[in-house]
Amino acid sequence: MNEDRARHRRVLMASFVGTGIEFYDFYIYATAASLVFGQIFFPKGDPGVQQMAAFATLAVAFFARPVGAAVFGHYGDRIGRKATLVASLLTMGISTTLVAFLPTYAMAGWVAPLALCVLRFGQGFGLGGEWGGAALLAVENAPKGWRARFGAAPQMGAPAGFIAANGLFLLLGMTMSAQEFADWGWRIPFILSAALVLVGLWVRLKLTETPEFEAALAQAPPPKVPLGEVLSRHGGVLLGGTIGAVCCFATYYIATAFLLGWGTKSLGYSMQDFLGVQLLAILFMAAGIYLAAWLADARFDPRRVLAGGCVLVAASGFAMAPLMAAGLIGVFAFLSLLLFAMGFVYGPLSAWLTDLFPPRVRYTGTSMTFNVAGVIGGGMTPVIAQAMALKGGLAPVGYYLSAAALLSLAALLALRGRSEAA
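Model, not experiment: these values are computed from the prediction. (Residues numbered from 1 in each chain as written. Predicted model: local features only at pLDDT ≥ 70, side-chain atom pairs only at ≥ 80, totals over all residues. Heavy atoms only, no water.)

Draft legend 1. Inspection of the nonpolar core at higher detail. Core analysis: the biggest nonpolar cluster contains 116 residues, and Phe37 and Tyr346 have the highest contact counts within it. Excluding its chain neighbours within four sequence positions, the residues that come into contact with Tyr346 are Phe23, Trp131, Pro154, Gln155, Ala158, Cys248, Met285, Ile289, Leu306 and Phe370. Ranked by size, the runner-up nonpolar core spans 14 residues in total, among them Val17, Ile21, Leu136 and Leu137. (Core = buried A, V, L, I, M, F, W, Y, C linked by side-chain atoms within 4.5 Å. Buried < 20%, exposed > 50% of the residue type's maximum accessible area, 1.4 Å probe, protein only. Contact = heavy atoms within 4.5 Å.)

Draft legend 2. Quick peek at helix H12 (residues 246-265). Here H12 is 20 residues long and its end C-alpha atoms lie 27 Å apart, about the 28 Å a rise of 1.5 Å per residue gives. Maximal helix bending in H12 amounts to about 40 degrees, located at Leu259. Within H12, 19 of the 20 residues are buried, leaving the element largely enclosed by the surrounding structure. (Helix = DSSP H or I, 4+ residues; strand = E, 2+ residues; numbered from the N terminus. Expected span 1.5 Å × (residues − 1). Bend = angle between axes of the 7 residues up to and from the residue.)

Draft legend 3. The environment of Gly68, seen in detail. Residue placement: Gly68 occurs in helix H2 (residues 47-78). Residues Gly68 and Val17, 51 residues apart in the sequence, show an inter-C-alpha distance of 20 Å. When near neighbours in sequence (up to four residues on either side) are disregarded, Gly68 contacts Gly73, Phe125, Gly128 and Gly129.

Draft legend 4. Region of interest: a positive patch on the surface. Judged by side-chain charge, Arg5, Arg9, Arg10 and Lys206 come together as a positively charged surface patch. Along the chain, the position of Lys206 falls in the loop between helix H8 (188-204) and helix H9 (211-219). According to the relative accessible area criterion, Lys206 is partly exposed, its value standing at 47%. (Patch = residues over 30% accessible without salt bridge, like charges linked within 9 Å, V, L, I, M, F, W, Y side chains within 5 Å. Areas by Shrake-Rupley, 256 points an atom, 1.4 Å probe, with all protein chains shown as cover. Salt bridge = Lys/Arg side-chain N within 4 Å of Asp/Glu carboxyl O. Lys, Arg positive; Asp, Glu negative; His and termini not counted. Charge placed at Lys NZ, Arg CZ, Asp CG, Glu CD.)

Draft legend 5. Spotlight on the packing of aromatic side chains. All chains considered together, the criterion is met by 22 aromatic pairs. Judged by centre distance (6.1 Å) and plane angle (45 degrees), the rings of Tyr269 and Phe274 are tilted. Residue Phe274 is classed as buried on the basis of its relative accessible area, which comes to 0%. Between Phe340 and Phe344, the aromatic rings sit 5.3 Å apart at their centres with planes inclined by 55 degrees, giving tilted as the arrangement. Here Phe340 pairs with Phe344, and both are found in helix H16 (residues 327-346), just four residues apart, close to one helical turn. We classify Phe340 as partly exposed; its relative accessible area is 26%. Look at Phe344 and you get buried, because its relative accessible area is 10%. (Phe/Tyr/Trp six-rings, centres within 6.5 Å; stacked < 30°, edge-to-face > 60°.)

See the structure below:
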């Protein structure tokens with residue numbers, strides 16, 4: 001019993017810490033893109049257009065994520081979860097650290113944004129194999145009746161990574177001038193990524209394989225081409241799971257990347273004030289994740305809790321324009337509401353997506369659904385939202401968010417998990 005508890009603690013820690021580091025890497029890029037990348041890596045011009053160009057580089061990683069999901073999923077289903085998770089962490093960590101050493105547009109012209117996009121692709125490629133593996137690591141080690149709560153461990157890495165990333169940017173903004181931050185201060189979070197990756201590697205190298213993966217190997221040899229098996233035998237589930245996960249990405253990147261850029265550049269809030277509000281509001285997301293996971297285990301099931309979260313997000317979209325215009329208190333109220341709802345469309349996602357696929361192709365299936373959903377729901381969302389806001393203000397952005405939530409709701413209502421159907 002003590003041995004099982006120790007193993008569970010190691011699994012939850014590895015899942016949480018590794019994913020937290022990966023999301024830290026991803027978020028420092030999103031935050032820097034919202035604040036300074038437009039003016040640093042692109043030609044001088046209209047600030048709104050520069051911001052759209054910076055947000056466009058965000059999309060590069062989302063298109064890289066399905067590629068990473070296919071590659072890392074292939075090896076995760078064939079050779080195991082542990083080695084694949086170590087490789088994904090290294091890939092993303094190296095890509096993130098190298099961003100700190102890039103030249104600006106003034107130094108190198110178009111070489112600068114091109115190099116930025118290459119490293120952003122590396123970030124996305126690494127994260128494409130990270131989330132699915134971390135989710136499987138937690139869920140496949142969970143005791144009976146605890147799958148959603150164990151699956152919440154990698155989900156908690158999202159708010160933890162966000163707090164670490166934006167907390168650091170807030171500290172930098174408070175201790176240096178705007179010019180110093182634009183000249184060199186933004187590079188510090190990327191350099192620190194190298195130390196965090198070493199911590200993550202130390203934690204993950206202590207892991208063993210999950211019982212469900214070992215049982216699948218004992219029953220039959222691993223598939224030669226896991227992606228081919230997913231597409232040929234589980235295509236409908238792949239499509240439904242992908243659409244069902246779209247809402248969480250649209251919600252998150254509107255609440256964080258887009259609104260940070262719009263709030264500081266168009267609504268006139270200071271960087272420090274807006275980051276401070278976001279850091280407080282992200283705590284509501286963490287609370288939502290845990291509450292949703294508990295409800296998914298103890299009262300309902302992951303699919304029903306996710307559906308309820310979609311309803312909350314859809315309703316929140318209509319509150320965006322009036323609350324964002326009501327000063328910092330209104331901004332805090334809206335972000336807290338939206339990120340709490342985000343916890344409900346994100347917290348039980350690990351358990352739900354894992355449940356959709358059999359263990360032999362689960363790494364590939366789970367990773368592909370999550371990361372293709374990222375392309376649809378998150379890849380171009382900041383760019384689309386920026387373009388919509390420039391034309392019609394925040395009200396159309398709110399409607400866009402509500403539409404994404406209703407799309408995911410339709411998929412969730414149509415698709416039942418394997419254990420739920422049994």
